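Tertiary structure, described
Residues per chain, in single letters:
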Amino acid sequence: MGLLGLFFLVVIGGLGLYLYTPDRSRSDLEARYLKPNDQIISVLGTRIRVRDSGPQDGKYPPVILLHGFGSSLETWDGWAELLEPDRRVLRLDLPGSGLSFPDINGDYSDRRTLALLIGLMDAKGVTKADLVGNSIGGRIAWRFAEAYPDRVRRLVLVSPDGFASPGFEYDKPPKVPPLLSVIVWTLPKSLLKLNLDPSYGDPKRLSPQIVTRYHDLMLAPGSRAALLARTQQTILSDPAAILPNVRVPTLLLWGQKDALIPVSNAQDYLRLMPNASLVAFPNLGHVPFEEAPTVSIIPLRAFLDEPESVNPR
């Protein structure tokens with residue numbers, strides 16, 4: 001090997017060391033993010049973090065909140081604070097996200113996630129709930145409502161995932177770029193922020209504290225490998241065969257500046273779902289509950305408070 005080859009090896013090795021992002025210790029992350037009313041409970045052998053707040057015997061069923069890809073239950077802080085005075089709020093970290101442990105079987109399929117959600121509801125004594133999901137959490141929510149209609153009173157889908165998109169075809173494993181696997185070894189905070197910016201209608205609302213939270217929790221032991229596995233195991237089913245079976249009252253909430261899943265997708269849901277309505281936010285993006293909780297919660301509260309006889313359409 002010549003001097004030039006050795007020079008390049010040294011540069012590449014130094015760059016690798018500079019970009020290498022090790023896991024954070026679980027004890028440090030729990031000290032920072034685990035709250036007094038959090039529980040880490042075993043559901044079907046997988047340890048899941050759950051936050052259970054608000055009155056336990058309120059007038060309405062509990063509200064269950066399902067976050068999106070790479071997120072955690074903290075994403076719902078703004079809404080939860082506004083709901084807790086009169087509603088029981090259950091939120092969880094999906095396996096391998098936030099402070100939940102990776103799935104004990106390494107199974108991140110939708111079927112497994114639905115089984116874990118049923119198991120969690122049973123463990124918490126919840127027979128029926130108002131179910132809210134964002135992005136992939138939205139996909140899990142509408143699939144759950146179709147599979148277990150007796151367990152859902154009302155359904156709220158915030159920029160839900162589920163229709164085919166580049167790299168994700170129906171009934172096929174996704175085309176995951178090999179380069180994505182490097183997140184297991186490197187995840188600079190600056191690069192993560194670039195990926196979070198499109199989630200906001202106005203990226204200026206994305207505070208450094210929120211970026212730090214996302215970054216910290218994605219560095220939980222096993223989290224990045226779990227996120228990669230969840231992506232690789234995502235096999236979409238054609239929603240046209242499922243959504244017409246979702247009969248519960250459904251509210252779609254969407255930011256018109258959503259750069260991840262365009263608001264135009266809402267028309268597919270409205271076309272296929274017999275009991276759905278849409279509220280779009282002109283200046284918000286993919287996570288309106290995080291970007292502007294006091295604005296985005298207004299239609300949510302109105303929908304959840306409607307008398308049972310009111311048809312949202």
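Here the structure is a predicted model, which means the values were calculated and not measured. Residue positions within a chain follow its written sequence, with the count starting from 1. The model is predicted, so local features are restricted to residues of pLDDT at least 70 and side-chain atom pairs to those at 80 or more, both for listing and for counting; the totals for chains, interfaces and linings are taken over all residues. Remark: hydrogens and water are excluded; side-chain values derive from all non-hydrogen atoms of the structure.

Helix and strand definitions here come from DSSP, where helices need a minimum of 4 consecutive H or I residues and strands a minimum of 2 consecutive E residues; each element is numbered from the N-terminal end. Relative to the elements of secondary structure, Ser 100 occurs in the loop between β4 (89-92) and α4 (110-123). In protein, a polar contact means a hydrogen-donor-capable atom and an acceptor-capable atom, both N or O and within 3.5 Å, with residues adjacent in sequence counting only if both atoms are side-chain atoms; elsewhere, any N or O pair within 3.5 Å suffices. Looking at Ser 100, its side chain comes within polar contact range of the main-chain oxygen of Asp 93, at 2.6 Å.

Turning our eyes to something else, we now look at the environment of Phe 168. Among the structural elements, Phe 168 can be located in the loop between β6 (152-158) and α6 (189-196). Each residue's exposure class comes from its accessible area (1.4 Å probe, protein chains only) as a fraction of the maximum for that residue type: buried when under 20%, exposed when over 50%, partly exposed otherwise. What makes Phe 168 partly exposed here is its relative accessible area of 24%. Expressed as a C-alpha distance, the spacing of Phe 168 and Ile 235, which sit 67 residues apart in the sequence, is 7.6 Å. When neighbours within four sequence positions are excluded, Phe 168 is seen to be in contact with Pro 174, Thr 231, Thr 234 and Leu 236. Residue contacts are counted whenever heavy atoms from the two residues lie within 4.5 Å of one another.

A negative phi angle is the norm for most residues apart from glycine, just as the trans form is the norm for most peptide bonds. The phi dihedral of Ser 159 falls on the positive side, at around 45°, and the residue is not glycine. Within the element layout of this structure, Ser 159 appears in the loop between β6 and α6. With a phi close to 60°, Asp 171 is a non-glycine residue in the positive phi region. Relative to the elements of secondary structure, Asp 171 occurs in the loop between β6 and α6. Asp 171 gets classed as exposed once you look at its relative accessible area, which sits at 60%.

Take the sheet that holds strand β5 (residues 129-134) next. The eight strands lie next to each other as β1-β2-β4-β3-β5-β6-β7-β8, forming an open sheet whose pairing is mixed. Since the sheet does not close on itself, it has two edges, and those belong to β1 (38-43) and β8 (276-281), each with one partner. Averaged over all pairs of adjacent strands, the angle between their axes in this sheet comes to 25°, without regard to strand direction. DSSP-based pairing: two strands are paired if at least 2 bridges between them are found. In terms of strand pairing, strand β7 (residues 250-255) meets β8 through six bridges, oriented parallel. An axis is simply a line fitted to the C-alpha atoms; with a helix, the fit covers only the stretch in contact. Between two such axes, the angle follows the N-to-C directions and lies from 0 to 180 degrees.

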